[in-house]
Structure formats: C-alpha cells, structure tokens
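# Geometric and topological summary
Listed here are the chains, written in short residue letters.
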Amino acid sequence: MPSLPSKSGLDRVPAQFFIVGSALIQYVGAAIAIGLFAQMSPASVAWWRVLVAASILLAWRRPWREKWSRKDLVTSMVFGVFIISMNSTFYEAIARLPLGAAVSLEFVGPVLVAIFRGRGPAPRIAALLAFAGVVSISGLGLDLDAPGVKAGIVWILLAATAWAGYIMVGQKLASKRSAVSNLAASLGWSALFSSVVLAPGGVGGFTSAHLFGALVVVGVLSTVIPFSLEALAMSRVSAATFALFTAMLPATSTIVGAVMLRQLPTLGELGGLVLISIAVWIASSPRFQR
C-alpha cells in the first residue's frame, strides 16, 4: 500500500493559528497607522498599505505566470475592490474611534456572513446579540457628542459590510491555485483601481524617508503578513468557520489599543465586545449550520 504524502510545515499548523496571528500583527500595524494620520489622510495611508503589499507579493508570487480564466480575473478584481474598500473605511473609522470599539463594530460583517449562511434559531439569536453589542458600544460606550464619533460609526459599519464581501468572495478565490497568488493579484487590482482617487493624497510618502519607511512597515504588518495568513486559512476552512475563529479577536484589538495607544475601554465598550463575540460564536458554530 503506497504511503500518503507527508504534509508540509504550513499544513501542520492549524488554520486557527493563522487567523489569530493575523489579527495580532494586523492590529499592531493599525496602531502604527494611526500615528501617521496627522501627516496623511487615513484613506491615503490605506492606499499605501495596499500598494506596498501588492508590490511585495506580486514580485514574490508573479501570478501572471499562472493560467487565469475570465471568471477568475473578474472575481480577483471584485476581491480587490473589497480589499481597498475595507481598508480605507476602517482607517477612516479608527481615525475617529478607539481601536477596540471600531474592531468590535466591524465584526458585524462576519456575524452577517454567519447569520445568512446559518439555519434554525441560532441566526436570530446571534443577530439580537450583535445588535445589542452595537447598541452597547455606540450608545453606552462611546460619547456620541464627541467630534467625529458619529461619522466614525458610519465608516466602521461600511467597513463591516466590505469585510463581509471580502470573506465571501475570498473563499471563492481560495479554491483556485495558490491562496497567496490570488491575494497578490487582487492587491494589484486594488492598488490600481484606487490610485486615481487616493494616490494624489499619498504623494507625501515619497518626500520623507521617515514617513516612507513607516508606510512600508504598515503595509507589511497590516497586509503582507496578516492577509497572507488569512488567505492560507480561507483555503482550509468555510466562511462560517472563519467567522467562528475570529470571534475572539475584538478582545485582541482592545488589548493592542490599550497597550500601544492608551485607549482604555469603557464598560459599554467591553459589554458590546463580549456580546458581539458571543454572536459570532453562536452564528458560526457547526452545530447550528445543519
């Protein structure tokens, strides 16, 4: 009887570790990005983030060497649109909201994915908990009269919507060729499509060596490493399972915000974080997917 082929080192690593590692690194990158918003608009920092990641991954993977169908190309372009939409709206949000609160509210996106793909009473329970979490954060945890807070909530809900699309389209792409090659191509489209609007505001990145270096670090920490880890995870788990294992991540962003940015959460924010995390867990649990 022939022996089974041995798994590569990456195949031996549980997909959950890729997701958790992605969040830890990405939120550190987000904290660094916040420090750049005084020198460049948040959306332009997001464009730099995508541009740096696209340059690195395209040079590494060279996806044009592989065969792409017309459908694959269109899907890759759509994925690229979701990437820049998710990044730019998220950065606009964290320019106005505490990092932990923003990430918690953004998780409405994965909750919606799990809700629409789930069955039975669980999706309704999850929806109720998620709504309660949003109310707790936006109504009790944040000062709605503070400058920019209401706009920040709108931006982060747009980011949540883009994230939901990112998960669903990303899963379709992940079944084709290398996950990282798919990501490289989509990032290239993302940087190209958004350059018309966002590149003019990002020109300042070329005028300062310090700013340029910081933008490169943001691109690597916020996109190259974490998105590659997510792409690897998406190729091995369903969209609902992906949402399930991200349920713990609002807490990660809150810790990073507290340590790096001194953004201590209020009781309302903490309550909302717990409610949204439970909502993701319930909506995504395999026992409720039957």
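A short tour of the structure in this document, coming up. (Residues numbered from 1 in each chain as written. Predicted model: local features only at pLDDT ≥ 70, side-chain atom pairs only at ≥ 80, totals over all residues. Heavy atoms only, no water.)

## Describing the overall build of the chain
Summing up its helical and strand segments, the chain has 13 helices and zero strands in all. Out of the 290 residues in the chain, the part that is buried amounts to 52%. (Helix = DSSP H or I, 4+ residues; strand = E, 2+ residues; numbered from the N terminus. Buried < 20%, exposed > 50% of the residue type's maximum accessible area, 1.4 Å probe, protein only.)

## Here's the deal with unusual backbone geometry
Here arginine 62, not a glycine, exhibits a phi torsion of approximately 45°, which is positive. If you check the backbone angles, arginine 262 has positive phi at about 60° while not being a glycine. You can see arginine 262 is positioned in the loop between helix H12 (249-261) and helix H13 (267-284). Overall, arginine 262 belongs to the exposed group, its relative accessible area being 65%.

## A few points about helix H6 (residues 108-117)
An α-helix turns once every 3.6 residues. As a result, residues three or four positions apart point the same way. In terms of burial, H6 is largely enclosed, as seven of its 10 residues are buried. Listing the buried residues of H6 in full gives Val108, Gly109, Pro110, Val111, Val113, Ala114 and Ile115.

## Quick look at the pattern of salt bridges
Taken as a whole, this structure holds one salt bridge when the rule is applied. For glutamate 92, the salt bridge is made with arginine 96, and the minimal N-O distance between the two is 2.9 Å. What makes glutamate 92 buried here is its relative accessible area of 11%. (Salt bridge = Lys/Arg side-chain N within 4 Å of Asp/Glu carboxyl O.)

## Structural notes on the packing of helix H2 (residues 15-34) against helix H10 (residues 209-234)
Contact geometry for H2 and H10: axes closest at 8 Å, N-to-C directions at 160°. On the basis of the axis angle, H2 is roughly antiparallel to H10. For the element pair H2 and H10, the recorded crossing hand is left-handed. Contacts between H2 and H10 involve Ala15, Phe18, Ile19, Gly21, Ser22, Ile25, Gln26, Val28, Gly29, Ala30, Ile32 and Ala33 on the former and, on the latter, Val217, Val218, Leu221, Ser222, Ile225, Pro226, Phe227, Leu229, Glu230, Leu232 and Ala233. Grouping the constituent residues of the contact of H2 with H10 by class yields 17 nonpolar, five polar and one charged. (Axes fitted to C-alpha atoms, helices over the stretch in contact; angles between N-to-C directions. Parallel < 35°, antiparallel > 145°, perpendicular 65-115°, else oblique. Left-handed = near helix turned anticlockwise from the far one by under 90°. Contact = heavy atoms within 4.5 Å. Nonpolar A, V, L, I, M, F, W, Y, C, P; charged D, E, K, R; others polar.)

## Examining the nonpolar core
In terms of nonpolar packing, the biggest core is built from 82 residues, with Phe90, Tyr91, Ile94 and Tyr166 touching the most fellow members. Sorting elements by how many residues they give to this core places helix H8 (residues 149-174) first, with 12 residues. If sequence neighbours within four positions are ignored, phenylalanine 90 has contacts with Ala30, Leu99, Val103, Glu106, Ile156 and Ala159. (Core = buried A, V, L, I, M, F, W, Y, C linked by side-chain atoms within 4.5 Å.)

## Some words on the environment of alanine 199
Looking at the secondary structure, you find alanine 199 in the loop between helix H9 (179-198) and H10. Measuring from C-alpha to C-alpha, the distance between alanine 199 and alanine 43 comes to 9.5 Å, with 156 residues separating the pair along the chain.

## Remarks on the side chain of serine 88
Structurally, serine 88 is set in helix H4 (residues 70-94). Here serine 88 is in contact with Ala43 and Ala46, once residues within four sequence places are set aside.

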